[in-house]
Amino acid sequence: MLLLFTAGLLPMKTDSITVMAATAQRFCIAKDGKTATIVVDQQDWPGVVRAAGDLGDDVRKVCGTASPVVSSGTASPVVSSGTAYKGSILIGTIGKSRLIDRLIRQKKLDVREVCGRWESFVIDVVDGSLVVAGSDKRGTIYGIYEISRRIGVSPWYWWADVPVGHQAEVYWNDARFVSQEPTVRYRGIFINDEDWGLKPWSSQNYEKDLGDIGPKTYARVCELLLRLRANMLAPAMHSCTGAFYSHPESKVVCDSFGIVITTSHCEPLLLNNAAKSEWDSKRDGDWNYKTNRDIIWKKWDDRLGEASQYENIYTVAMRGVHDAGLRGNLPMEERVPLIEQVIKDQRDLLRKHKAYSPLAPEGTGEAPQIFVPYKETMDIYENGLRVPDDITLAWVDDNYGYMKRVSSPEEQQRSGRSGVYYHLSYLGAPHDYLWLNTTPPVLMYEELKKAYDTGADRYWLLNVGDIKPMELGIQTFMDMAWNIHDFSFEKARTHQAEYLCQLFGNDSYQALLDTYYRLAWSRKPEFMGWEYEWDDKAHTGLKPTEYSFTNYAEAQQRLADYQRISDEAERMASCLPADIDGRTLRPSFFELVQFSVQAACQMNRKFLMAQLNQEMLAQGRTAEANWAARQSQAAYDSINALNRRYNEQLDGKWRGMMDLAPGLCALYQKMPEVTYTEGIGEQPVSLTPKPEAAAGCYVINLEKPVSKSRDALLVNGLGYDGQVMQLGDATYTFPAVDRDQIEVTVYTVPFWPLYQGKSTAISISVDGGTAQVFDNRFKEYDRTWKDQVMRNGATGRLRFTVDKQKVSHTIRFTANDGSQMLQRVIIDWGGLKKSYIGPEKKGVF
């Protein structure tokens with residue numbers, strides 16, 4: 001027997017598959033080529049009827065024979081006999097399915113634990129039938145897909161090509177399963193910056209007939225979301241893509257699945273002004289509500305006329321065209337009342353069109369609405385903008401994973417509560433990251449939990465770029481949104497490795513992922529060209545990295561670490577069975593793990609070898625410079641080969657999806673400049689990291705405080721060394737020094753203050769002396785902030801006078817306001833050498 005307890009399962013062949021529970025009431029889903037019939041009331045929600053068909057096909061994926069799906073029709077009287085549907089799977093929504101409602105009236109099905117709750121379900125065995133009953137339409141759909149997950153069909157069976165292992169017999173042995181209510185009401189993704197991935201893949205490959213991202217693509221997206229227990233989609237909206245509403249079938253398809261449509265911060269009332277079909281300044285005039293109110297109002301009125309009957313979440317207020325600031329160059333004292341008027345007019349329109357709400361009577365103006373204080377809109381809000389109490393405040397990260405603020409105690413009392421708009425992918429200054437998923441799950445948890453604890457339980461939207469290769473990050477985000485209480489720092493760190501073990505077997509993925517995220521923490525692969533985009537001349541263009549080949553073997557160690565995990569990913573792939581019932585695990589493993597690890601490795605080799613080429617050349621070591629140039633070129637070629645493999649495997653299923661997205665002005669995708677001197681030959685350079693004996697500095701081991709407060713916590717999975725100390729208050733020791741002054745370099749995680757009036761200050765004292773304060777003050781888009789998000793670290797340097805006669809010293813750190821995180825502390829008394837992030841945690845140098 002294969003005992004299944006989790007959603008993702010190892011696809012392996014066994015005689016039977018059983019879903020176990022403490023109390024067994026065995027229900028046979030499939031055996032001897034026969035499968036249970038699925039019964040659903042045709043008067044139930046269309047999304048429920050459609051998902052029932054998915055379950056029938058999922059049984060086919062597992063057993064080879066689909067479960068037939070039949071309508072209960074007008075069979076309520078037959079049900080009362082108690083035998084008509086014995087041995088079937090009965091599916092329905094409370095209050096919508098005559099089949100389910102009769103079982104409730106007969107007191108055969110107890111739904112008290114889910115009735116009236118949001119998106120909840122119960123699965124029970126009743127009179128020999130397996131019953132799935134949902135509190136609402138998506139509750140029922142999630143119950144259907146709960147069975148699919150447990151019999152071995154991954155939510156990623158199509159989008160990440162996770163194969164389904166064949167089973168001869170399938171049983172449900174869970175006497176009764178009751179789901180929790182989701183911890184976040186609306187949970188979804190934003191398809192964004194699709195120009196170099198999803199758009200070319202869809203228009204040139206998957207949806208050729210349309211030549212665009214349209215209903216066929218969105219059907220696949222909606223199915224994925226529901227299998228992930230998400231409920232919300234912000235469609236692609238760049239100008240390269242036809243606007244969502246320009247293909248009328250798209251909104252119908254999403255509604256048929258039961259998916260809620262939301263929009264980004266720059267699409268008020270579902271209107272995409274980045275698309276010429278929706279807003280053309282030559283035709284429509286300036287996107288300026290002060291001077292062009294009537295045209296803009298008419299656009300919103302028309303959009304609501306076609307879309308308000310569907311389930312939507314409406315973005316209120318307005319910005320400029322696409323991602324630009326408010327038009328008109330108005331002073332702040334005019335911006336605030338203008339946006340207040342915009343919101344009032346928008347809410348009047350929602351009332352006029354009786355916009356649909358699952359939680360409020362039609363026409364009350366309480367259809368779900370969000371205000372997104374993104375970029376300059378945050379300034380307008382914090383300068384006194386009055387946002388109606390029932391509107392959800394969707395707080396944003398700074399595009400690099402750090403929440404710019406969360407709700408204050410006063411804002412936590414709002415009836416609309418708050419939400420989160422978070423990024424796994426971004427196009428913009430100081431640099432894009434559109435290629436690989438490198439946001440550590442521990443950072444995601446820290447910031448999302450911070451927001452949740454201050455009221456962000458209404459709306460979580462994740463910017464996922466092209467969806468691929470962000471699968472693991474999406475899975476973690478959606479699992480957190482479903483039940484944030486299932487997570488802790490450690491659970492967040494191990495979540496993806498455990499998930500991979502379920503999919504591919506019991507190999508050890510944790511060490512590989514820990515190293516992958518740690519290396520990308522100090523510099524994402526897309527940032528290795530050391531360029532800044534949309535910046536001054538001094539910061540523009542490809543440059544050598546700041547990793548040192550000379551000091552602390554910093555560059556050598558980085559190359560070695562990347563090579564190690566690249567080789568490990570190759571080994572893991574080679575150990576996977578090449579064929580399971582005609583299905584192979586290797587393409588899925590390549591998409592989910594191997595590609596990202598090996599591509600990141602090669603991007604680092606490309607730039608670090610180009611840097612080594614220049615350094616060897618400057619030292620007159622021409623043959624070694626030639627070798628480094630050849631290595632850089634080989635890495636460049638390897639990246640292109642990996643991208644081609646991604647696109648062409650599985651008979652070109654993903655052709656057009658994977659590319660080194662150049663964004664609008666990035667250069668990291670190019671080959672850096674190298675010099676190759678003909679006629680000299682090549683001489684390899686030894687890049688084996690060698691311990692360096694030095695003196696005059698000391699790296700604090702954050703694992704070993706001599707004392708700490710109860711709220712101080714060592715957190716694994718973040719930081720330059722893979723762990724950070726969350727303060728609280730913590731005291732450490734360092735050894736004797738031969739100077740009477742030291743410089744303390746503190747690297748912290750670059751959080752924003754929680755909200756206005758809070759700070760990121762940390763008090764630091766040495767040997768019980770007067771404390772100094774490191775207060776990381778910055779503004780979005782200033783040089784300090786740009787440097788911090790590029791290196792995931794804020795740097796403070798403070799000088800202290802010490803008694804050099806003491807045999808040891810103490811240093812104490814206290815977070816003055818909120819939980820700040822130390823990621824590295826270096827004590828320097830004259831020996832610290834130049835490098836990017838300093839020596840590793842090895843004690844005295």
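Everything discussed here concerns the structure shown above.
It should be emphasised that the depicted structure is a prediction, and the values quoted were computed from it without experimental measurement.

**Student:** Is there a simple way to think about the packing of aromatic side chains in this case?
**Tutor:** Summed over all chains, the structure comprises 42 aromatic pairs. Seen from their ring centres, Tyr 142 and Trp 482 are 5.5 Å apart, and the 85° between their planes marks the pair as edge-to-face. In this pair, Tyr 142 sits in helix α4 (residues 137-150) while Trp 482 sits in helix α13 (residues 471-482), placing the two residues 340 residues apart along the sequence. Considering the side-chain rings of Tyr 732 and Phe 813, the 6.4 Å spacing of their centres and the 65° angle between planes classify their relative orientation as edge-to-face. With a gap of 81 residues between them, Tyr 732 in strand β24 (residues 729-735) and Phe 813 in strand β29 (residues 808-815) connect regions that are remote in the sequence. Tyr 732 sits in the buried class, given a relative accessible area of 1%. Here the aromatic cluster, defined as three or more aromatic residues joined through ring pairs, consists of Tyr 400, Tyr 426, Tyr 433, Phe 527, Tyr 781 and Trp 785. Note that Arg 26 overlies the ring of Tyr 171, its terminal NZ or CZ placed 3.7 Å from the centroid.

**Student:** Would you mind showing me how to read α4 here?
**Tutor:** Residue pairs three or four apart in sequence face the same way in an α-helix, which turns once every 3.6 residues. With 14 residues, α4 extends 20 Å between its outermost C-alpha atoms, agreeing within 8% with the 20 Å of an ideal straight helix rising 1.5 Å per residue. Burial of α4 is extensive: 14 of the 14 residues sit out of reach of the surface. Backbone geometry just after α4 places Gly 152 at a positive phi near 110°.

**Student:** What's the story with the layout of surface pockets in this structure? I'm lost.
**Tutor:** Put simply, the second largest pocket is a space of about 470 Å³. For the second largest pocket, the lining is made up of 19 residues, of which Glu 382, Lys 404, Trp 752, Pro 753 and Phe 778 are closest to its centre.

**Student:** Looking at this model, I keep getting lost on empty space enclosed by the protein. Mind explaining?
**Tutor:** One way to see where empty space is left: roll a probe the size of a water molecule over the atoms. Counted under the stated rule, the structure contains 13 cavities of 30 Å³ or more. By volume, the second largest cavity is sized at about 100 Å³. Along the walls of the second largest cavity sit Asn 437, Pro 469, Glu 471, Leu 472, Gln 496, Leu 513, Tyr 516, Tyr 517, Leu 592, Val 593, Ser 596 and Val 597, which together make up its complete lining. Those elements giving two or more residues to the lining of the second largest cavity turn out to be α13, α15 (510-522) and α17 (586-618). Residue contributions to the lining of the second largest cavity peak at 4 residues, all from α17. Class assignment for the residues of the lining of the second largest cavity results in 8 nonpolar, 3 polar and 1 charged.

**Student:** Would you mind showing me how to read the sheet that holds strand β7 (residues 89-93) here?
**Tutor:** Strand order in the open sheet formed by 6 strands is β6-β5-β7-β9-β8-β11, with mixed pairing between adjacent strands. Edge positions in the sheet fall to β6 (69-71) and β11 (176-178), since each has one partner strand and no second. Adjacent strand axes in the sheet meet at a mean angle of 20° when their direction is disregarded. Lying over the sheet, helix α3 (residues 98-105) contacts β5 (38-40), β7, β8 (121-126) and β9 (129-134), oriented at roughly 95° with respect to β7.

**Student:** Teacher, can you tell me more about the nonpolar core here?
**Tutor:** Across soluble globular proteins, nonpolar side chains show a tendency to be buried alongside one another. Within the largest apolar cluster, 225 residues are counted, with the highest numbers of intra-cluster contacts made by Trp 159, Trp 460 and Ile 474. Top contributing element to this core by residue count: α17, with 15 residues. Each residue touching Trp 460, except ones within four places of it in the same chain, is listed here: Val 184, Tyr 186, Arg 187, Gly 188, Met 232, Val 420, Leu 448, Tyr 452, Phe 477, Met 480, Ala 481 and Ile 484. Formed by 28 residues, the second largest nonpolar core is a distinct cluster that contains Leu 727, Tyr 732, Ile 764 and Leu 798.

**Student:** I'm lost on the packing of helix α16 (residues 554-575) against α17 in this one. Help?
**Tutor:** The description of two packed helices rests on the angle between their axes and on the distance between the axes. Two elements in contact, α16 and α17, have axes whose closest approach is 9 Å; the angle formed by their N-to-C orientations is 160°. Comparing their axes, α17 and α16 come out roughly antiparallel. Considering the relative orientation of α16 and α17, their crossing is left-handed. The residues of α17 that touch α16, namely those facing Ala 555, Arg 558, Leu 559, Tyr 562, Gln 563, Ile 565, Ser 566, Ala 569, Glu 570, Met 572, Ala 573 and Ser 574, are Arg 586, Phe 589, Gln 594, Val 597, Gln 598, Ala 600, Cys 601, Asn 604, Arg 605, Leu 608 and Met 609. Across the contact of α16 with α17, the residue classes tally to 13 nonpolar, 6 polar and 4 charged.

**Student:** Quick question: what am I supposed to make of the pairing of β9 here?
**Tutor:** For a regular strand, side chains alternate in direction, first toward one face of the sheet and then toward the other. Within β9, 6 of the 6 residues are buried, which leaves the element mostly enclosed by the surrounding structure. Taking every second residue as pointing to the same face, both faces of β9 are buried, with Ser 129, Val 131 and Ala 133 on one and Leu 130, Val 132 and Gly 134 on the other. Bridge count between β7 and β9: 5 bridges; the pairing is parallel. Bridge pairing in β9 links Ile 91 to Val 132. Pairing of β8 with β9 involves 6 bridges; the strand directions are antiparallel. Of the residues in β9, the one forming a bridge with Phe 121 is Gly 134. Hairpin connection between β8 and β9: a loop of 2 residues separates the two successive antiparallel strands, and Asp 127 in this loop has a positive phi of roughly 50°.

**Student:** Please clarify how the environment of Phe 190 should be interpreted in this entry.
**Tutor:** Among the structural elements, Phe 190 can be located in strand β12 (residues 186-191). Judged by its relative accessible area of 1%, Phe 190 is buried. Residues Phe 190 and Asp 466, spaced 276 residues apart in sequence, show a C-alpha to C-alpha distance of 9.1 Å. Residue contacts for Phe 190: discarding those within four places in its chain leaves Ala 234, Pro 235, Met 237, Ser 264, Tyr 421, Leu 461, Leu 462, Asn 463, Val 464 and Gly 465.

Rules used in this analysis
- The residue numbering used here restarts from 1 in each chain and proceeds along that chain's sequence as written.
- Local features are withheld for residues below a pLDDT of 70 in this predicted model, meaning they are given only at 70 or higher, and side-chain atom pairs are given and counted only at 80 or more; totals for whole chains, interfaces and linings count all residues.
- Just so you know, side-chain values use all the structure's heavy atoms and leave hydrogens and water out.
- Only Phe, Tyr and Trp rings are paired, with Trp represented by its six-membered ring, and only when their centres lie within 6.5 Å; those with planes under 30 degrees apart are stacked, over 60 edge-to-face, the remainder tilted.
- Working definition: helices are DSSP H or I runs of at least four residues, strands are E runs of at least two. Numbering for both runs from the N terminus.
- A 1.4 Å probe rolled over the protein chains alone gives each residue an accessible area, and that area as a share of the maximum for its type sets the label: buried under 20%, exposed over 50%, partly exposed in between.
- Only Lys NZ and Arg CZ are tested; either one counts as a charge over a ring when it is within 6 Å of the ring centre and within 35 degrees of the ring normal.
- An expected span of 1.5 Å times one less than the residue number is assigned to each helix.
- Lining residues are those with an atom within 4 Å of a point, where the points come from a 1 Å grid over the protein atoms alone and group into cavities, where a 1.4 Å probe fits but cannot get out, or pockets, open sets with protein on both sides within 12 Å along at least five of seven lines.
- Grid points are joined across faces, edges and corners, and a volume is the space filled by probe spheres set on the points.
- Ten residue types, Ala, Val, Leu, Ile, Met, Phe, Trp, Tyr, Cys and Pro, are classed as nonpolar, four, Asp, Glu, Lys and Arg, as charged, and the remainder, Gly among them, as polar.
- The criterion for strand pairing is that DSSP finds at least two bridges linking the strands in question.
- To obtain an axis, a line is fitted to C-alpha atoms, over the contacting stretch when the element is a helix, and the angle between two such axes runs from 0 to 180 degrees between their N-to-C directions.
- A contact between two residues is defined here by any heavy atoms of the two lying within 4.5 Å.
- Throughout, nonpolar core names a set of buried Ala, Val, Leu, Ile, Met, Phe, Trp, Tyr and Cys residues whose side chains join them through atoms within 4.5 Å.
- An angle below 35 degrees is treated as roughly parallel, one above 145 as roughly antiparallel, one from 65 to 115 as roughly perpendicular, and anything else as oblique.
- If you view the pair so one helix is near and one far, a crossing is left-handed when the near helix is turned anticlockwise from the far one by less than a right angle, and right-handed when it is turned clockwise.

All we've got here are geometric facts, nothing functional implied.
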